[in-house]
Amino acid sequence: ILAAGAGLVHAASVETDGAYGAPATQLEAATVAATAKSVFNRADLDNDGTLSSDEFLTFAVVSAELARLNGFVPVDYAGGVRTAALPRAEAWTAADRARVEAAAERDYALFAGGDQRMSGEEFVAMRLESLTAADLDRNGVLTGSELSRFAAIEARLPARQS
């Protein structure tokens, strides 16, 4: 009777899908570029086709904080979303926010160029740099620990945590 009861409980248990799909098993440049285009459109709050420094800073801080909260960064993947898990993350602090803001200001100055407006192409190029930095074997495809490294870079974790 106990075995039958346990079987019924197991059969009745429902596993709910998370808000995002399964973990990514690999990540290519085309996927990162597609995700970047989608994210750029959401980050362009005034819909003028470029990101101001304020829009970019808001994007960077919110993305970093959400990644730490969720434990992953989302990646658009074949019509759905996959996740790239963070290697680990400590609680979000005021010092973390200040560090993320400083890094975002540096990235913005580097990628936005002389006009100080970041275009969609410049944003995609910045995100592809994250892929290149995470691609330890230089084969153009992130797998295994490279995915965690990519997530850490995207979430702007300090080097000691990535």
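Before reading further, recall that the structure is shown in the block above.
Residues numbered from 1 in each chain as written. Predicted model: local features only at pLDDT ≥ 70, side-chain atom pairs only at ≥ 80, totals over all residues. Heavy atoms only, no water.

Caption draft 1: Focus on the overall build of the chain. Per the secondary structure count, the chain includes six helices and six strands. Of the regular secondary structure in the chain, the N- to C-terminal order runs α-β-α-β-α-β-β-α-β-α-β-α. Looking at the 162 residues of the chain, the share that counts as buried comes to 36%. For the chain, the share of sequence-separated contacts (at least 6 apart) that also reach a separation of at least 24 residues comes to 67%. Entry remark: accessible area of the chain is about 9,200 Å², with carbon and sulfur atoms responsible for 57%. (Helix = DSSP H or I, 4+ residues; strand = E, 2+ residues; numbered from the N terminus. Buried < 20%, exposed > 50% of the residue type's maximum accessible area, 1.4 Å probe, protein only. Contact = heavy atoms within 4.5 Å. Areas by Shrake-Rupley, 256 points an atom, 1.4 Å probe, with all protein chains shown as cover.)

Caption draft 2: Local environment of helix H4 (residues 94–112). Given a rise of 1.5 Å per residue, 19 residues ought to cover 27 Å, and the 26 Å separating the end C-alpha atoms of H4 matches this to within 8%. For H4, the complete set of buried residues consists of Asp96, Val100, Ala103, Ala104, Tyr108, Phe111 and Ala112. The arc that holds the buried residues of H4, viewed along the axis, is 140 degrees, so those residues lie on one side. Relative to its buried face, H4 has exposed residues pointing more than 90 degrees away, namely Ala94, Ala95, Glu105, Arg106 and Leu110. Of the surrounding secondary structure, the elements contacted by the buried residues of H4 are strand S2 (50–51), helix H3 (53–70), strand S5 (118–119) and helix H5 (120–134). (Expected span 1.5 Å × (residues − 1). Arc of directions from axis to C-beta.)

Caption draft 3: Representation of H5. The first and last C-alpha atoms of H5 sit 22 Å apart over 15 residues, in line with the 21 Å expected at 1.5 Å per residue. Among the residues of H5, those classed as buried are Gly120, Phe123, Val124, Met126, Arg127, Ser130, Leu131 and Ala134. Looking down the long axis of H5, one finds its buried residues gathered within 160 degrees of arc, a one-sided arrangement.

Caption draft 4: Representation of the environment of valine 124 in the model. Considering the arrangement of structural elements, one finds valine 124 in helix H5. Classification of valine 124 as buried rests on a relative accessible area of 11%. Sequence separation of valine 124 and phenylalanine 40 is 84 residues, and the distance between their C-alpha atoms is 8.2 Å.

Caption draft 5: How the structure looks around unusual backbone geometry. Phi is positive for glutamine 116, close to 55 degrees, though the residue is something other than glycine. Structurally, the position occupied by glutamine 116 is in the loop between H4 and S5. Despite not being glycine, arginine 138 has its phi angle at roughly 55 degrees, a positive value. Turning to its location among the elements, arginine 138 is positioned in the loop between H5 and strand S6 (141–143).

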